[in-house]
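Here is how the chains run, residue by residue.
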Amino acid sequence: MNIEILLWLIPLPPLLAFFIIMLFSRGNKVFADVVSIGAMVGTWVLSLIVLFTALGIGGSELGKHPIESSIEWLPIGEMLSTGEAAPEPAEGTEEGREIPANAVTEEGFRMGVILDPLNTVLIFFVPLTATMIFIYASGYMGTGHYWTLVLEGEDHHDADQHDEDHDVEAHHDDHGHHTVVDDAGRTIAHTDATKWKARFMGIISLFAGGMLLLTMADNLLLLFMGWEIMGLCSYLLIGFWNDRIYPNEPGRITPPFAGIKAFMTTRAADVVMLIGIAWLYSVTGTLSYREILYNEEVLHALEAMAFPANPLLAPLGLSIGGAIALLLFTGTVGKSAQFPLHTWLPDAMEGPTPVSAMIHAATMVSAGIYLLLRFFPLISLGWGHGVEGFPLQMQIIAGVGAFTALFAATIAIAQNDIKKVLAYSTISQLGFMVAAVGIGAYIAAAFHLMTHAVFKALLFMGSGSVIHAVEHGAEHAEHHGHHLPIDFDPQDMRNMGGLLTRLPITAWTFIIGGAALSGFPFITAGFWSKDEILLDAWHEAPIVFWVLAIAAFLTAFYTARQIAMTFLGEPRTVAAEEAGPTGFRMEFPLIVLAVGAVLLGYIGVHPEMPVFGPIFSPDPEGSPFKLFVGKTLLESPELLALEAPSVITSIIVALGGLAVGLLVYGLRPLQSPDSTDPLKRLLGPVHTLLANKYYMDELYDAVFVRPAQAIAVFIFLVLDRGIIDNLIHSIARFTEWVGFRNKDFDTEIINGFGDRFARSVAQTGQQLKYSQTGRIQQYLVVVATGVILLFGVFLYTIFLR
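Residues numbered from 1 in each chain as written. Predicted model: local features only at pLDDT ≥ 70, side-chain atom pairs only at ≥ 80, totals over all residues. Heavy atoms only, no water.

1. Considering the overall build of the protein chain
Phase 1 of the analysis: Looking only at helices and strands, the protein chain features 31 helices and 7 strands.
Phase 2 of the analysis: Here the C-alpha radius of gyration of the protein chain, 37 Å, is well above what a compact globule of 801 residues would show, namely 28 Å.
Phase 3 of the analysis: With the C-alpha coordinates of the protein chain rotated into their principal frame, the extents come out at 155 × 85 × 60 Å.
Phase 4 of the analysis: Of all 801 residues assigned to the protein chain, the portion counted as buried reaches 54%.
Phase 5 of the analysis: For the protein chain, the proportion of contacts with a sequence separation of at least 24, taken over those separated by at least 6, is 79%.
Phase 6 of the analysis: In the form shown here, the protein chain has an accessible surface area of approximately 34800 Å², with 65% of it arising from carbon and sulfur atoms.
Phase 7 of the analysis: One way to put it: in the protein chain the 41 positive side-chain charges average out to a point 10 Å from where the 75 negative ones average out. (Helix = DSSP H or I, 4+ residues; strand = E, 2+ residues; numbered from the N terminus. Rg over C-alpha atoms; globule rule 2.2 N^0.38 Å. Buried < 20%, exposed > 50% of the residue type's maximum accessible area, 1.4 Å probe, protein only. Contact = heavy atoms within 4.5 Å. Areas by Shrake-Rupley, 256 points an atom, 1.4 Å probe, with all protein chains shown as cover. Lys, Arg positive; Asp, Glu negative; His and termini not counted. Charge placed at Lys NZ, Arg CZ, Asp CG, Glu CD.)

Structure follows, in structure tokens:
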């Protein structure tokens, strides 16, 4: 089979599934499940064929001669013929370098697909994790309910009683549906969480299709299209339960507002990214990866053109290429939730758990790191080749990544929502990858991207399985006569405990995923990938090394805390006590991904690692992963020597964090949901600061949201109502006056003359009718009289005049 055709086909099945489900499912859940899962499995099969083909070709050959296929998409005419002088370089160009003419010759935009070592990695893990998530979603979205507002005028009440256990006014409608009035005075009722499942499976198929389109793209424009498809889908899926509210918590963010927050935050970053894309095109005349990133003349020219020309800013040493790289990096800051645009990702947990898994593992946030890896040749302009230190753009990227890794990890240790702990964990781990790119650790960043996608998908689906089980446990408890408060939160780890024996498959796979996230030494994929990042940081940036080491310790600590609060000890609520296994469709993907969370790391073992190196990486040039992916670049990264302090630190922070977490929360587990968190007793007001996420949401609300709302209200009242509305109303009133005057003219003049003439004719006729007697003798007399008169006039005129 022609491999180029397969590259085009990989994104196609989920995209087609979206249209088929939306057009023909008519809400049929089984049909939607079959179409979406079947499409994703088809994509996975195609991806495996392409993967084995790529492995057969080898990284070296595939890096030099990637498999490509493209078509002309938008003819725009020949911009610059070959051999014609290129545009003058910006002031400050060194050695008179120019963009080569053949780089800017372009007869139009071409859209195409590419297969090289880098996107081969994504072709492996994106379809794998997406397929598992789809299977999982078919079970997760099949049951459940949530609270929604009962609109005024809807009849849900036929009985009035006071439920002392709920401390709310409780009712039942004609169908037996439970409705209550919460502390905020809102009448609320349970609604079926599965009612839009078919639509959900359709949108999540589009989500996967957008990521695959981005993965296969051979140019930045097509990548941006896939990028924006995912932005739209994230908005639709985060806000999927758009009528959901939380009892007794009127101030809590709800899914539709979380979706808007995610959409607006990432759009702000995408605008800056789009400026970078336009600037890159204006300079090079193309957006093709191969024509920019693998053309040394173009790269040297981008490096040589200084930016800016302002003498006050010139000492920064930022080239045009570096400035463009920072604009593109802003897109990653938004999409991969890096500080300061990180606040949307924790609130994205308002969406169903399969959405969380897709965002955090298979699609959204992975796309931001992929963008950095793809444009690493542009980002690293000015680095290496005997130059000491990092260029400004790499310093900024490394600084943002390292800070975000530590910043998010400190917040995660104080969260009680099982999904939000993982959300801040994702932000932190993405910070590891961003920092790795910033210090030139290209291979380590790509390796951690792959392993993190697998174990983070496992953890999110595991958390969803726990939530699902606790929700059903709450329902069973209600049926058995127990009364839970209406604001009972099945995602709060304080309401769990003792689930190890009740959810054995979920628990043990979650523990495996948690061990991988913590970097448990030697037996988890997370250890090998995180250790590579720390090794590079040890060699290249000691400050980044110690910041990431502290973040790694906190990662292990909050992971142990999460495991202990969720699975160890005794159940702290009847809902946890009644929880049970969640079924094959939700547990099978956990088992598959748990295997990957253990085994995937062995393809990236450092050759010098005792015992493991000779077994898994016999080539002294590097691990199989490095030897394959490294060939994506013009120059394969050199293998750094394994340093004992780095490895020992990696082991200590992982085991130390796990040990401290288990000592604090495992040996003396919380006894009830109201028990004081040991960390809160230790940290005091600092814990409050961390639990409230450094009040970043409140800060942004005060600095950006409220002023924007105030400006909007001002514009509405002054410009819209005061000026525009008044102007329009004045025009309307003048037009109305003209209309009425026209009506008066028409009524009094036109119609008046006609009406008066008609009335005169009518009156004349009324008077003349009496002369019509119907007697012929009288008519003859009148005729004879008339004839005599006429004859007399005739005689007078002829003879007497």
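Picking up where we left off.
2. Considering helix α9 (residues 255-284)
Two residues of an α-helix separated by three or four positions point the same way, owing to the 3.6 residues in each turn.
Phase 1 of the analysis: With 30 residues, α9 extends 42 Å between its outermost C-alpha atoms, agreeing within 8% with the 44 Å of an ideal straight helix rising 1.5 Å per residue.
Phase 2 of the analysis: With its phi angle positive at about 80°, G285 sits one or two positions after the end of α9. (Expected span 1.5 Å × (residues − 1).)

3. With respect to a nonpolar patch on the surface
Phase 1 of the analysis: On the surface, I711, V713, F714, I715, F716, L717, V718, L719, I723, I724 and I728 cluster together into a nonpolar patch covering about 950 Å² of accessible area.
Phase 2 of the analysis: With respect to the helices and strands, V713 occurs in helix α30 (residues 696-768). (Patch = residues over 30% accessible without salt bridge, like charges linked within 9 Å, V, L, I, M, F, W, Y side chains within 5 Å. Salt bridge = Lys/Arg side-chain N within 4 Å of Asp/Glu carboxyl O.)

4. Description of the domain arrangement of the protein chain
Phase 1 of the analysis: Its domain assignment divides the protein chain into domain 1 (1-144 + 193-245 + 253-382), domain 2 (398-691) and domain 3 (699-800).
Phase 2 of the analysis: For domain 1 versus domain 2, the separation of C-alpha centres amounts to 26 Å.
Phase 3 of the analysis: At the junction of the two partners, domain 1 supplies 59 residues and domain 2 supplies 50 residues.
Phase 4 of the analysis: Contact between domain 1 and domain 2 buries roughly 4600 Å² in total, counting both sides, with carbon and sulfur atoms accounting for 78%.
Phase 5 of the analysis: In this structure, the connection of domain 1 to domain 2 is made through 2 salt bridges.
Phase 6 of the analysis: Across the pair K420 and D347 runs a salt bridge whose closest N-O atoms are separated by 3.8 Å.
Phase 7 of the analysis: The tally of links between domain 1 and domain 2 comes to 14 residue pairs in polar contact (both at pLDDT 80 or more).
Phase 8 of the analysis: Residue contributions to the side of domain 1 that touches domain 2 peak at 16 residues, all from helix α6 (residues 117-140).
Phase 9 of the analysis: Of the residues that constitute the side of domain 1 that touches domain 2, the class distribution is 35 nonpolar, 18 polar and 6 charged. (Domains from an automatic or database assignment. Buried area = accessible area lost by both parts, 1.4 Å probe. Polar contact = N/O pair within 3.5 Å; in protein donor to acceptor, adjacent residues only side chain to side chain. Nonpolar A, V, L, I, M, F, W, Y, C, P; charged D, E, K, R; others polar.)

5. Re helix α27 (residues 644-665)
Phase 1 of the analysis: Taking 1.5 Å per residue, 22 residues should reach 32 Å; α27 reaches 31 Å between its end C-alpha atoms and fits that length.
Phase 2 of the analysis: Buried residues of α27: S646, V647, T649, S650, I651, V653, A654, G657, L658, G661 and Y665, and no others.
Phase 3 of the analysis: Close packing links the buried residues of α27 with α20 (504-518), α21 (525-540), α22 (542-567) and α28 (678-683).

6. Considerations on the packing of helix α15 (residues 364-374) against helix α19 (residues 442-479)
Phase 1 of the analysis: It is the contact of α15 with α19, at a shortest axis distance of 11 Å, that shows an interaxial angle of 160°. As far as their axial angle goes, α19 and α15 are roughly antiparallel. Of the two possible hands of crossing, α15 and α19 adopt the one that is left-handed. Counting all contacts with α15, which are made through S366, I369, Y370 and L373, the residues of α19 involved are Y442, A445, A446 and L449.
Phase 2 of the analysis: Broken down by class, the residue content of the contact of α15 with α19 amounts to 7 nonpolar, 1 polar and no charged. (Axes fitted to C-alpha atoms, helices over the stretch in contact; angles between N-to-C directions. Parallel < 35°, antiparallel > 145°, perpendicular 65-115°, else oblique. Left-handed = near helix turned anticlockwise from the far one by under 90°.)

7. A few points about the nonpolar core
Here is a general trend for soluble globular proteins: nonpolar side chains tend to be buried in one another's company.
Phase 1 of the analysis: Ranked by internal contacts, the top residues of the largest apolar core, which has 217 residues, are L223, L302 and I359.
Phase 2 of the analysis: With 21 residues, the top contributor of residues to this core is α19.
Phase 3 of the analysis: Domain assignment of the residues forming this core places at least three in each of domain 1 (1-144 + 193-245 + 253-382) and domain 2 (398-691).
Phase 4 of the analysis: In contact with L302, not counting residues within four places along its chain, are L280, V283, T284, I292, S319, I320, G321, L378 and L381.
Phase 5 of the analysis: Core analysis: the second largest hydrophobic core is formed by 5 residues, W147, V180, I188 and I245 among them. (Core = buried A, V, L, I, M, F, W, Y, C linked by side-chain atoms within 4.5 Å.)

8. Focus on the environment of I238
Phase 1 of the analysis: Structurally, I238 can be placed in helix α8 (residues 220-238).
Phase 2 of the analysis: Sequence spacing of I238 and D619 is 381 residues, and the spatial spacing of their C-alpha atoms is 45 Å.
Phase 3 of the analysis: Not counting chain neighbours up to four residues away, the residues in contact with I238 comprise P255, A258, G259, A262, W344, D347, A348, E350, G351, V355 and I359.

9. What about the packing of aromatic side chains?
Phase 1 of the analysis: What the rule picks out here adds up to 32 aromatic pairs.
Phase 2 of the analysis: Seen in terms of ring centroids, F339 and F407 are 5.2 Å apart; in terms of plane orientation they differ by 65°. Their pairing is edge-to-face. With F339 in the loop between α12 (320-335) and α13 (344-347) and F407 in helix α17 (residues 392-412), the pair connects residues that are 68 residues apart, well separated along the chain.
Phase 3 of the analysis: The class of F339 is partly exposed, set by a relative accessible area of 26%.
Phase 4 of the analysis: Its relative accessible area of 9% is what places F407 among the buried residues.
Phase 5 of the analysis: Members of the aromatic cluster, joined through ring pairs, are F522, F527, W528, Y602, F612 and F616. (Phe/Tyr/Trp six-rings, centres within 6.5 Å; stacked < 30°, edge-to-face > 60°.)

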